[in-house]
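Okay, here's what each chain looks like letter by letter:
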Amino acid sequence: SSRSFHIPSKPPPPPNFAFAFDIDGVLLRGSTPLPGASRSLRYLQDNGIPFILLTNGGGKTEAQRVSDLSRHLNVPIDVDMFVQSHTPFKQLVNGDEGFPRLKDECILVLGGQGNECRDVAEGYGFTQVLTPADIITAYPALWPLANHSLYTAHARPILHKLGRPLRIAAILVFHDPRDWALDIQIVTDLLLSENGVLGTVSPQNGNPTLPNDGWQQDGQPTVYFSNPDVVWASEYHMDRLGQGAFLQALAGTFNAIAGRRTKPGGFERILFGKPTAKTFVFAERKLEAHRQTLLASSGGEEKTRPSKLENVYMIGDNPASDILGANKHQSPSGTTWPSILVKTGVFKSGMPEYVPNAMVPDVTAAVSWALKESG
Ligand code: G3P
Ligand code: MG
């Protein structure tokens, strides 16, 4: 019979659950896909199940990263399904969510190769972006051991308003710094400065007789970190130092210099990245928006479409980052984030510091567990 096959012109509506994949140690080791990574993502895409990639990595624009990831994983990844360490820094441009508005403030951007992080920051909308290369080129004696040839190619002249001191309002660590010594020298100078002016020392901070609460009340810049990971899983078989290790090196140096004049917790810092709530709230909002676009472009009866996102399965390799973040996430819309720990990255065996909803060998087993759970 000439039965006509009805080929749905539109994909089925997405279900009431979705996935969030960590990258390093779950999908990739360096740029090499882990077994089952590409197949798992492609299966979800072929079945209209939404997912985002949620990484503490960074250092390039989102467009550059998703282009690299699509190539390495052989799966089309779009920027609306991608959150990296510094993506939530966009909220600091216009002061969303109660954050300060830093759009036209002079900020120091740390991390990454050459001017890649400055390019990312300017792409977000920051208009006065300095880097350590600018500073060491403008003030060569600031760090006696500097290898200036590393910096002159990327440095920009510091055009601060004539007659006005160069004041840095905030320090944003977009990615892992390459020259920790230079960056720590500049940051500790600023944390001890008068009102964020490079090359000055605040009389308050120079005066140990002042009560501790005098510390950092005269306008030193706050340091914003985009990734607290002390270690991460790269191509090497042993965990490698991450941006959180730089934070510890900075904190140790700063406390050694500032001594008892610092507040008990040391310098003012604000953390982004997994496991912080800021990043999980930001990621859930992005995933929901992505899911709405899938809903809008899907077929099916209006009434059969599960409108609410009930569960997001977080698949990660680092208990202190992926599992802790999902376990403690308070979703504004009541969505739960069951956590699934794989053994292909930072975590290898034994009992993890933060207990996931499931512990499985790899990403394929993680997706299978979640699909079974979701019914
Ligand atoms: O620098 C990247 C590292 O800190 C961890 O990345 O993808 O495992 O969150 P990821
Ligand atoms: Mg990881």
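Note that the structure is a prediction, hence the values are computed from the model and not measured.

S.K.: Even after reading the chapter, I still don't get the environment of Gln292, so can you show me in this structure?
M.R.: Structurally, the position occupied by Gln292 is in helix α7 (residues 277-296). Under the relative-accessibility criterion, Gln292 is labelled partly exposed at 36%. Considered as a pair, Gln292 and Leu69 are 223 residues apart in the sequence and their alpha carbons are 23 Å apart. Within the structure, the side chain of Gln292 is placed 2.6 Å from the side chain of Glu288, a separation counted as a polar contact.

S.K.: I would appreciate a short explanation of the nonpolar core in the present structure.
M.R.: General note: in soluble globular proteins, nonpolar side chains tend to be found buried as a group. By size, the foremost hydrophobic cluster in this structure holds 44 residues, and its most contacted members are Phe19, Phe21, Leu27, Phe51, Leu53, Ile315 and Trp337. Not counting residues within four places of it along the chain, the set of residues in contact with Phe21 comprises Leu27, Leu41, Leu44, Phe51, Ile52, Leu53, Leu54, Met314, Ile315, Val363 and Val367. Grouped together as the second largest cluster of nonpolar side chains are 33 residues, Tyr151, Val187, Leu190 and Leu192 included.

S.K.: Can you walk me through the site of ligand 1 in this structure?
M.R.: Lining the immediate environment of ligand 1, one finds Asp22, Ile23, Asp24, Thr55, Asn56, Gly57, Asn227, Asp229, Trp232, Lys274 and Asp317. Taking Ile23, its main chain carries an N or O atom lying 3.4 Å from an oxygen atom of ligand 1. Between ligand 1 and the protein, one listed contact pairs an oxygen atom with a side-chain N or O atom of Lys274 at 2.8 Å. Taking 310 Å² as the accessible area of ligand 1 by itself, protein coverage stands at 96%. Looking at the shell around ligand 1, its residues break down into 2 nonpolar, 4 polar and 5 charged.

Criteria and thresholds
Residues numbered from 1 in each chain as written. Chains lettered and ligands numbered in written order. Predicted model: local features only at pLDDT ≥ 70, side-chain atom pairs only at ≥ 80, totals over all residues. Heavy atoms only, no water. Helix = DSSP H or I, 4+ residues; strand = E, 2+ residues; numbered from the N terminus. Buried < 20%, exposed > 50% of the residue type's maximum accessible area, 1.4 Å probe, protein only. Polar contact = N/O pair within 3.5 Å; in protein donor to acceptor, adjacent residues only side chain to side chain. Core = buried A, V, L, I, M, F, W, Y, C linked by side-chain atoms within 4.5 Å. Contact = heavy atoms within 4.5 Å. Near = heavy atom within 4 Å. Areas by Shrake-Rupley, 256 points an atom, 1.4 Å probe, with all protein chains shown as cover. Nonpolar A, V, L, I, M, F, W, Y, C, P; charged D, E, K, R; others polar.

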